[in-house]
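Results of the structural survey
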Amino acid sequence: MTRTAAVAFAVSVTCLGSGCSVISLSSAPKPPDRSVEGASLGKPFHRVLPVEPRPDWTPVEVVEGMQAAMAAFADEPGDKTLWKYLTADARKALQAAGPPVYVLDQIRVVPKAEDEPEGQRARVEITGNAIAQITDDGRYVPMTTPQKVTDLVTLQKQGGNGYRVAAFANTRMLLSAADVERAYERSRLYFLSSQDGEPVADLVMLRRRAAENLAESIVGHLLKGPSGALGEAVYSALPAGARVGSVRLTREVVEINLLGSFDADSVRNERGLKTQLGASLTELAKGRRIDVLHNGNPFYGTRSLEISPEDYNLGSTPPQMAFLLRGGRVLTEQEQGSPRSFLLVPGADGGPGLTFPAVSSDGMLVAALDHDGIWVRQDGQWNRWIDGTLLAPPAWRAGKLWTFDPSKSAFVSHDPATGQRQDYRIPDLADGTVEHFKFAKDGVRVAMIVKDLDGIHSLRVGVLANGRIEHLQTLAAAKDAKDQDREHFLDLAWETPESLLLLTDSGLNGVDLVRGLSATSSTRAKNARSVAVSGSRILLGTDAGVLQLNPANQTFEPLPSVEEGPPAYPAFRAG
């Protein structure tokens, strides 16, 4: 019996808000009734109702039914159908483990050949490719590469009741990619940076609930706080102790009713609260006003809390004019003309070995890497601000200059206003050194290319919190091969808060620019050394000039305003 056949053990339920209707799996769901208040605050939720195991089922059918019950586990109130597939010992093992959720594709359930079909005990294998894991706090963590999973399940016959699962070789929940697509919603929730109070996106997979519309799920998750990926790097301005009463659409106003005995006057950051709720609901609110109530009354008792679209429209940054570092000279792109030309910035030339520039947010300071440290161009003069060898190329964050010093195994920041320096440790980085890094626009996340003790590159992301880089997560690993064919990670850049561009060289004719946190697509280019991004504009510095991505055909073309010559390194101002 295949995984598709296992779906026959269930019926599908379409839920909007607290209303549900049973529909047949053999026909398409009926369009939702948009006259219901709240119906437009999220797409319909298709709930799967698993059935209990039957005495005449084979061991394979029981395991397929169990997997369907795993998919519906979080949807079921009260007694779970999953427990009815397990013996008491197996249930205790699963409950005690607090099982992680693995997302598999190409799932197969097959009997072990050595087992007798009519025996009292049987063993069945669940196989598939693990493509991601969903953590307790809702993070969807893709595997760097799909991992082959083989889980052995032991079944025991329970008299006239048929087979039940008695033991797991690995105690974990296994969901198919289709299960996740049905039951989870990719969402962008907003919290506030602990550094400057600016909004920071928390990318999570929200588990849909039959009794909630999507907007209620979003607000409920906001009230629980940020995921472990951000931790103490962010905070919430929402009142402590509040819970969701309802979120509904009434006369073109989105109405949020928060319940609880909290004191609304204790909310100290109303602007932050408006930003969090508004930005998190922006795709559902669609430009409508948002009213926040407290126990069904105006939020402040006599005064309402209204969130206008202007409060939550974070907007987008238009592409900037580019800078160029070439042979120690700094050039800036002119706003006028087509194609835009690059003009030399007056002042002294730097050393010819300067590479990988970083431009401050006001465009007044240009930092670059040389063999003996980090040099900065200020008022037309180059000066060395940070001494050291084998330092990582520089980056700016909140007015401070950053690099990674392998001699300290730490990031180092330099404050030009005070001249003070501070080291930032990376507790989770004991196996390598940072060769390149970039801060996201939110100033909280930092992505880095790490080379381990064996010379293998990996792409990792962490957050800046508590004076160090925490919650490091590996997103991609270079292909390990013979030295001449080994893949190298050359540079990286943030395209969006949830998407990175990774420049890789696999030893073939050219390099790949890989887009997305899970390497979803790539674009080929030749002789590239560095990558710079601003808005929709993507530039590559090469051995002889600059390439620009043509969005129409997704190919790189020479930037006509840059003549062929020595290696060029494009850059944009820090976000």
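Residues numbered from 1 in each chain as written. Predicted model: local features only at pLDDT ≥ 70, side-chain atom pairs only at ≥ 80, totals over all residues. Heavy atoms only, no water.

1. Considering the nonpolar core
Nonpolar side chains in soluble globular proteins tend to end up buried together. Rules: Throughout, nonpolar core names a set of buried Ala, Val, Leu, Ile, Met, Phe, Trp, Tyr and Cys residues whose side chains join them through atoms within 4.5 Å. Throughout, exposure labels follow a simple rule: accessible area from a 1.4 Å probe, protein chains only, divided by the maximum for the residue type, with under 20% read as buried, over 50% as exposed, and the rest as partly exposed. Strands are runs of DSSP state E lasting at least two residues, helices are runs of H or I lasting at least four, and both sets are numbered from the N terminus onward. Any pair of residues with heavy atoms lying within 4.5 Å of one another is described as a contacting pair.
In this structure, I256, L277 and F299 are the most contacted members of the largest nonpolar core, which totals 41 residues. No other element matches the five residues that helix 5 (residues 214-224) contributes to this core. Apart from the residues lying within four places of it in its own chain, the contact partners of L277 are V219, L222, L238, I256, V292 and I307. Of all hydrophobic cores here, the second largest spans 40 residues; its members include V62, L104, L175 and Y184.

2. A look at helix 2 (residues 59-72)
Convention followed: Given the number of residues in a helix, its expected span is that number minus one, multiplied by 1.5 Å.
With 14 residues, helix 2 ought to run about 20 Å at 1.5 Å a step, and its terminal C-alpha atoms sit 20 Å apart, in line with that. Burial analysis of helix 2 places 14 of its 14 residues in the buried class, which makes it a mostly covered element.

3. A few points about the sheet that holds strand 19 (residues 342-344)
Here is the rule we go by: We call two strands paired when DSSP finds no fewer than two bridges between them. In this description, a line fitted to the C-alpha atoms serves as the axis of each element, helices being fitted only across the stretch in contact, and the angle between N-to-C directions of two axes falls anywhere from 0 to 180 degrees.
Pairing is antiparallel in the open sheet, where four strands are placed in the order 19-18-17-40. This sheet does not close on itself; its edge strands, each paired only once, are strand 19 and strand 40 (569-571). Each neighbouring strand pair of the sheet contributes to a mean axis angle of 30°, computed without reference to strand direction. With three bridges connecting them, strand 17 (residues 323-326) and strand 40 associate as antiparallel partners. Each bridged residue has a counterpart across the sheet, and for F323 the counterpart in strand 40 is A571.

4. Some remarks on the sheet that holds strand 23 (residues 381-387)
The strands that make up a sheet pair up through hydrogen bonds in the backbone, lying either parallel or antiparallel. Spatially, four strands are ordered 20-21-22-23 in an open sheet, and the strand pairing comes out antiparallel. The open sheet terminates on both sides in strands that have one partner only, identified here as strand 20 (355-359) and strand 23. Each neighbouring strand pair of the sheet contributes to a mean axis angle of 30°, computed without reference to strand direction. Bridge count for strand 22 (residues 373-378) against strand 23 is six bridges, and the pairing is antiparallel. Looking at the pairing, Q378 lines up with Q381 of strand 23.

5. What about the confidence of the model for the protein chain?
Parts of the model with low pLDDT should not have their predicted coordinates read in detail. Rules: The quantity called pLDDT is the predictor's confidence in a given residue, expressed from 0 to 100.
Residues at a pLDDT of 70 or more form 85% of the protein chain, whose mean pLDDT is 83. Note on residues 1-39: pLDDT is under 50 here. Beyond four places in sequence and across chains, it has 81 contacts.

6. Points about the packing of aromatic side chains
Selection rule: In summary, the pairing rule links any two rings of Phe, Tyr or Trp, Trp by its six-membered ring, whose centres are within 6.5 Å, and it sorts them by plane angle into stacked for under 30 degrees, edge-to-face for over 60 and tilted for everything else.
Applying the stated criterion to the full structure yields 12 aromatic pairs. Both rings, one in W57 and one in Y85, keep their centres 6.4 Å apart while their planes meet at 25°; by these two values the pair is stacked. Of this pair, W57 sits in the loop between strand 3 (45-50) and helix 2 while Y85 sits in the loop between helix 2 and helix 3 (88-97); the two residues are 28 residues apart in sequence, bridging distant segments of the chain. Y85 matches W57 in its accessibility class, with the two residues each being buried. Between the aromatic rings of F404 and F411, the centroid separation amounts to 5.3 Å while the plane-to-plane angle is 75°, which identifies the pairing as edge-to-face. Taking the relative accessible area as the measure of exposure, F411 reaches 1% and is therefore buried.

7. Comments concerning the pattern of salt bridges
Note the following rule: Throughout this description, the term salt bridge denotes a Lys or Arg side-chain nitrogen within 4 Å of a carboxyl oxygen of Asp or Glu.
Summed over the entire model, instances satisfying the criterion amount to 22 salt bridges. Note that R303 and E270 form a salt bridge whose closest N and O atoms lie 4.0 Å from each other. With R303 in the loop between strand 15 (297-298) and strand 16 (305-307) and E270 in helix 6 (residues 270-280), this residue pair connects regions lying 33 residues apart in the sequence. In the salt-bridge network here, residues are joined through shared partners; they are E270, K274, R303 and D311.

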